[in-house]
Amino acid sequence: MKAALITYNQAHIEEVERVLNQLAIRGYTRWTDVQGRGSINGEPHLGSHAWPSKNMATFCVIEDAIAPLLKKMLRGVDNSAPQQGLRVFFWQIADV
Amino acid sequence: MSLYESSVKKPITTILIFLTVVVLGIFSWSKLSVDLFPEFDMNQAVVLCTYSGASAEDVENNVTKLLESTLSTISDLKKISSTSKDNVAIIQIELNWGTDLDNAVNDMRDRLEMIKQSLPDGCSNPMIIKISTDMMPVTIYSATAKESSSALYKILDDGLANPLARVSGVGSVSISGVPKREIIVNVDPKQMEAYNLTVEQIGSAIAQDNINTPSGSMDIGSETYSLRIEGELKESELLNNVVVANYGGKTIFLKDVARVSDTVQEKAQENYVNGAKGATVVIQKQSGANSVDVMNRINKALPDIMKDLPRDIKLQEVMNTTDNIKNSINSLMETIILACLFVIIVVLFFLGKWRATIIILMTIPVSLIASFIYLYASGNSLNIISLSAISIAIGMVVDDAIVVLENITTHIERGSKPREAAIYGTNEVAVAVIAATLTLLAVFFPFTMMSGLAGLMFKQLGWMICIVMIISLACALSLTPMLCSQLMRKDTKQSGFFNKLYRPIKKGFDKLDVQYERLLRWVLGHKLITTIIIIAAFIGSMMLSKSIGSEFIPMSDNGQITGNIQLPIGANVDRSREIALRFENDVRKEFPNEVKTITTTIGQPSDDDDNSWAMLQTSGNNYISIRVKLTDYRERKKDMFEITERLRQIAASYTEVAKYNIIAGGQNGGFGGGSTVDAEIYGFDFKVTEDLAQKIKGIMGNIKGFTNIVVSREDYQPQYQIEFDREKLALNGLTLGTASSFVRNRMNGLTCSLFREDGDEYKIKVRYDRSSRHSVEDIENILIYNSAGKAVRVSEVANVVERFAPPSIQRQDRERIVKVSANLYGVSLDVATKELQAQLDKLEKPSNINIDIAGTIVDQQDTFSDMIMLSLLIIMLVYIVMAAQFESLLYPFIIMFSIPFALIGVFLSLFLTGITINMMSAIGMVMLIGIVVKNGIVLVDYINLNRERGIGIKAAVIMGGKSRLRPVLMTTLTTILGMLPMAFKIGEGSALWQPMGVVIVGGLTISTMITLLFMPVIYTAFASISVRKYHKEGKGKLTRRNTNLE
């Protein structure tokens, strides 16, 4: 079991939901209006005057086998609009 | 869920809501009536009080002064002036504009009630008359006839006036200029004396012989019959056989002592239209009715009515107030359509995309049409103010939508789905868009609170623009994102043709960006030179402003000229007629293509005329009223003012003419009638003030530009006065009342009964034959009988003397006054007034006499001081809105730098177009405050954003400038081009709003340049100061939040 935290520009919400549906990932937790900044080139998403865009974050726990698929599909989404920003982070879950 | 989110998610609901608004708007529009100005109350009332037998001075002392002191305590009183004449006191009350006249009149009535007992005996109850615009005739026709001319009155009354009066909205139709039928019993004084008869006895004999008496009813058998005595004469001939007396056993018939003539009134007003004698038909509307509606109904009904009139009767329109309204409204409508077209072109030009253009343009009809709902709901009309408001707003309603659309496009280009881009793109700019609209509301909302004359005009403008702006904001936050989500696509393919067409434009824009950047860099490198140039330009324009004249309200050419020519006192109708016809002839010879109709009216209306319009007009045997209607302004080369000036010259060239007063535009409630300058001479002594008035008239005559100079004091009138000796009257058992009624009945006539024929009534009048009423002896020979039947001649109890009646006494603000007033031609109001003031200062005058300059200049000063207050209020409000938006006191200050420099453009454009500073251009300047700062907000906001993103001051300024160049140019160009038709369209009434358009176009053009080039200089200057200060204090990292000076 792996935990996946997807943080993305709020404009990506539909695509992220589509990916989760396609992979039959039923359970997730979503935060709207989260802020953040990319490590390398990513534009800040701060909801402020200078950086008005905002992020969302979706947290879900998935089977190990699905993780690479999720990663691949989300990369596809990210590549479709690289300026918007989308990242997914995985880590091991000890117990549910 | 926010507004834009729900509208994007529910496109059907959104579109249907806006569709409902549009449908309601169109419905309201179809119901709106058309008028020239928004409806407002007039601010004048007149109090009339008669005091029979008193001379002007008696009236002044006993009645006028008392009434004045009572009435001067009412609230909101602006001016109180009075005229005291023989027998009557007339007090004119002028209230502040916008006062509720009904309340004021009630107030006046209460106060008059209190002092009623203090008025002298024999003084009538004071009567209050409200002056309203409804008194102005809607239209005046002139009717001429050939064969039917002898019965013209009856034909017109039955065939034209009665059917017209039935048209809904028509208040009264009165006919003048044709004598009515009258049956005159011309008695011979000698015969009467022989039979011991009096006019009164003959009158009562006729009255007794000419009556129908219902005499009850009687039952015969089973039927009831009513009983009647039909004593009325069937024919006027039969009057001859009325028995008036028995004398020495012989029956005396009326024909023995008098000659009965079935004729027309002896004296009546005469009207000449283009030289032909005719009747005048004056149509007034019911109070509250809409002139244009009434006129439309009249025009619809008229062909049917004309069908029933005899063929030889020709109707001609002499005056029509609604033509001007219709033409003005139509030319404004054209202006609006042109403005719409310009805005479409600009949007397409800058966006280069069909879909985006359509989305933006949708906001125009929606917000404009919705404003009609407001007009309809608030009971207003389509008038030049509400339409100008729309014309002003067109360029501004698209601004919000453009900002929203631009941001959504950016999001889509960065890869968002249109739906999300629409929601989040709108979200990001919502606050900025609301703030921009708020600055405009800060400008236009104070308009709704204006008072005075300007308030009447601009209240509606303020409301209209506020409402349009709020609706356009709602559109930008709901309709625009919704349409974007539905219509916008990433990389939508444009057709090849369009691309080919647009590529050079795109290249041009790219080049402009580069050029601007280069210029901006140069400017930032040469701050001192730039500042010097700008300040020099500012000072230069201030110098220029000195040569721009000023006036109150720009005059517009409505094609009407009215006026009067007066011959010396005592001239009879024949001489007046000759001059009138000569004047008509000369005018038509001089302006064959310009003058459509010229109407002159001479003589007095008879006492028993029911023509209220004629009664309101001044008239007299020596008085010629003139009314000229010009042809359509497109068809003539000379304007109304030029023609008016020439008419004055023609009138002045007649040696017989004593006075003339010819006014362009007609007197329609003070608007468009042209400026007047009055010198008011306050002083008690008639002689001294009269001399001074003549001197001032001479001075005015020598100043260039003064024309049509009139002294308000009337000349002394010659008259015969019968001075009864009260003692002798008493000895003969007579009173003054009886004696004077004897004289009146014989000279003026006694209306004793009515003759009925075909349902119409005609007066039967008994009076002396004409041959016995033409000398002083005739008066002296009148016999007066006392109650005992004893007769005395007038000469035994009275002296008949020729006298000059003193003129009426005019007062203003409770002091005697003589006014010398003049119209202006070819000179501006302020220059003329200054010149006159300088001349008057040199004039030697007694110490107890005051001379003031009044007239339009007073209204102008009042209004301009109102405007200055308004601008200060607006500047403060705009500053507050901006300070709140930037959370800073410095940035609004920097942005406001563009306001004074906008004046460079204002004065330059006024100078180049030769337009004066007047109420309309002043309003334009006030509007500029809000429109000008909008650009600054966009620019400074983006520069700040760049700095917050960590970019240095200079780079932030240059980047900001470069990226905001197109949006600033686009919103500015929509506003400027939206106003352009207003500024340059020549149409009827355009003179009124042209100054506003010119000021905004000129001011905005220059101020945009200032915003784009000079504001970056100021910004960097202030920002550098704060940065240096910050470094000196050695604090940590610098961010935009702590670069503020405060």
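> Looking at this structure, how should I read the overall build of chain B?
The secondary structure content of chain B amounts to 31 helices and 30 strands. Projecting the C-alpha coordinates of chain B onto the three principal axes gives extents of approximately 130 × 85 × 60 Å. Looking at chain B as a whole, 44% of its 1046 residues are labelled buried. Looking at chain B alone, contacts between residues at least 24 apart form 80% of all its contacts between residues at least 6 apart.

> Would you mind showing me how to read the overall build of chain A here?
Counting secondary structure elements, chain A contains 2 helices and 4 strands. Reading the helices (α) and strands (β) of chain A from amino to carboxyl end gives β-α-β-β-α-β. Dimensions of chain A along its principal axes, counting C-alpha atoms only, are 40 × 25 × 25 Å. When contacts within chain A are restricted to residue pairs at least 6 apart in sequence, those whose partners lie at least 24 apart make up 73%.

> Can you help me understand the sheet that holds strand β3 (residues 55-62) of chain A in this one?
Working definition: the strands of a sheet are paired by backbone hydrogen bonds and lie parallel or antiparallel to each other. All names here are of chain A. In spatial order, the strands read β2-β3-β1-β4; together these 4 strands make up an open sheet with antiparallel pairing. Two strands lie at the open edges of the sheet, namely β2 (29-34) and β4 (86-92), each paired on one side alone. Here the average twist between neighbouring strands, direction ignored, is 15 degrees. As defined by bridge partners, strand β1 (residues 2-9) adjoins β3 across 8 bridges and the pair is classed as antiparallel. Its bridge partner being in β3, K2 is matched across the sheet by I62. Running over the sheet, helix α2 (residues 66-80) touches β1, β3 and β4 and is turned about 165 degrees from β4.

> Help me out: how do you make sense of the packing of helix α15 (residues 496-525) of chain B against helix α30 (residues 953-984) of chain B in this one?
A pair of packed helices can be characterised by two numbers: the angle between their axes and the separation between those axes. Residue and element names in this part refer to chain B. The contact between α15 and α30 brings their axes to 10 Å, and the two run at 150 degrees. With respect to their mutual orientation, α15 and α30 come out roughly antiparallel. Where α15 crosses over α30, the handedness of that crossing is right-handed. Each of F509, D513, Y516, E517, L520, R521 and L524 in α15 lies in contact with α30, whose residues at this interface are K954, V957, I958, G961, K962, L965 and R966. Across the contact of α15 with α30, the residue classes break down as 7 nonpolar, 1 polar and 6 charged.

> Hey, could you run me through the confidence of the model for chain B in this one?
Residues shown with low pLDDT carry predicted positions that ought not to be read at fine detail. Residues and elements named next belong to chain B. When the pLDDT values of chain B are averaged, the result is 85; 95% of them are 70 or greater. When mean pLDDT is taken per element in chain B, helix α2 (residues 11-31) scores highest with 94 and helix α18 (residues 612-616) scores lowest with 50. This model gives residues 668-672 a pLDDT under 50, and the stretch forms 11 contacts once residues within four places in sequence are excluded. Counting contacts from residues 1042-1046, a segment whose pLDDT is below 50, to residues more than four positions away or on other chains yields 11 contacts.

> What is the right way to look at the sheet that holds strand β23 (residues 750-757) of chain B in this model?
All names here are of chain B. Pairing is mixed in the open sheet, where 4 strands are placed in the order β12-β7-β24-β23. At either end of the open sheet lies a strand with only one pairing partner, and these are β12 (258-264) and β23. Direction aside, neighbouring strands of the sheet carry axes that sit 25 degrees apart on average. As judged from the 7 bridges shared by strand β7 (residues 181-187) and β12, these two strands associate in the antiparallel manner. Paired with N186 across the two strands is R259, which belongs to β12.

> Sorry if this is basic, but what is going on with the packing of α30(B) against helix α31 (residues 990-1033) of chain B here?
All names here are of chain B. Following both chains from N to C, one finds α30 and α31 inclined at 170 degrees, their axes separated by 9 Å at the closest point. Here α31 runs roughly antiparallel to α30, going by the angle between their axes. When the residues that make up the contact of α30 with α31 are grouped by side-chain class, the tally is 20 nonpolar, 10 polar and 1 charged.

> Please explain the interface of chain A and chain B as it appears in this structure.
Reports often express the size of an interface as the amount of accessible area lost when the parts come together. Tallying the contact residues gives 12 residues for chain A and 12 residues for chain B. The residue makeup of the side of chain A that touches chain B, split by class, is 5 nonpolar, 6 polar and 1 charged.

> What's the story with the nonpolar core in this structure? I'm lost.
When a protein is soluble and globular, its nonpolar side chains tend to lie buried together. Residue and element names in this part refer to chain B. In this structure, L156, V281, V343, V433, I465 and L928 are the most contacted members of the largest nonpolar core, which totals 231 residues. At 22 residues, helix α14 (residues 452-487) tops the list of elements feeding residues into this core. In contact with V433, other than residues within four places in its own chain, are D400, V403, V404, L473, A476 and L477. In terms of nonpolar packing, the next biggest core, distinct from the first, is built from 25 residues, V242, V257, V260 and V766 among them.

> Quick question: what am I supposed to make of the environment of B:T50 here?
All names here are of chain B. Mapped onto the secondary structure, T50 falls in strand β1 (residues 44-50). Overall, T50 belongs to the partly exposed group, with 19 C-beta atoms counted inside 10 Å. Remark: the alpha-carbon pair of T50 and K85, spanning 35 residues in sequence, is separated by 9.5 Å. Setting aside residues no more than four positions away along its own chain, T50 makes contact with N87, V88 and S124.

> For this particular structure, what's the right way to read the pairing of β23(B)?
Along a regular strand, successive side chains alternate from one face of the sheet to the other. Where β23(B) meets strand β24 (residues 760-768) of chain B, 7 bridges bridge the pair, whose relative direction is antiparallel. Bridge assignment links B:S753 to a residue of β24(B), and that residue is B:I764.

> What is the right way to look at unusual backbone geometry in this model?
Both trends apply: most residues other than glycine have a negative phi, and most peptide bonds are in trans. A positive phi angle, near 60 degrees, is found at B:N196, a position not held by glycine. Along the chain, B:N196 turns up in the loop between α6 (189-194) and α7 (199-209).

> What is the right way to look at helix α22 (residues 736-747) of chain B in this model?
Side chains three or four residues apart in an α-helix point the same way, a direct result of the helix having 3.6 residues per turn. All names here are of chain B. In this model α22 runs 17 Å from its N-terminal to its C-terminal C-alpha over 12 residues, within 8% of the 16 Å that 1.5 Å per residue would give. Those residues of α22 lying buried are A739, N745 and R746. When α22 is viewed along its axis, its buried side chains cluster within an angular range of 130 degrees and face the same direction. G749 occupies a position one or two residues after α22 and carries a positive phi of about 110 degrees.

> What exactly am I supposed to notice about helix α9 (residues 291-308) of chain B here?
All names here are of chain B. In this model, α9 (18 residues) spans 26 Å end to end at C-alpha, consistent with the 26 Å of a helix rising 1.5 Å per residue. Maximal helix bending in α9 amounts to about 35 degrees, located at L302; proline P303 follows within four positions. Inspection of α9 places S291, V292, V294, M295 and I298 among the buried residues, and these make up the whole buried set. Looking at the buried residues of α9, the elements they touch are β5 (139-144), α5 (152-166), β6 (170-176), β14 (276-285), β15 (314-320) and α10 (321-351).

> When you look at the environment of B:Y768 in this model, what are you seeing that I'm missing?
All names here are of chain B. As for its position among the elements, Y768 is in strand β24. We classify Y768 as buried; it has 22 C-beta atoms within 10 Å. Residues Y768 and M925, spaced 157 residues apart in sequence, show a C-alpha to C-alpha distance of 70 Å. For Y768, the contacting residues outside a window of four places in its chain are V187, P189, R746, M747 and R773.

About the criteria used
Residues numbered from 1 in each chain as written. Chains lettered and ligands numbered in written order. Predicted model: local features only at pLDDT ≥ 70, side-chain atom pairs only at ≥ 80, totals over all residues. Helix = DSSP H or I, 4+ residues; strand = E, 2+ residues; numbered from the N terminus. Buried ≥ 20, exposed ≤ 12 C-beta atoms within 10 Å, placed from the backbone. Contact = placed C-beta atoms within 7 Å. Pairing = 2+ DSSP bridges. Axes fitted to C-alpha atoms, helices over the stretch in contact; angles between N-to-C directions. Parallel < 35°, antiparallel > 145°, perpendicular 65-115°, else oblique. Left-handed = near helix turned anticlockwise from the far one by under 90°. Nonpolar A, V, L, I, M, F, W, Y, C, P; charged D, E, K, R; others polar. pLDDT = per-residue confidence, 0-100. Core = buried A, V, L, I, M, F, W, Y, C linked by C-beta atoms within 7 Å. Expected span 1.5 Å × (residues − 1). Arc of directions from axis to C-beta. Bend = angle between axes of the 7 residues up to and from the residue.

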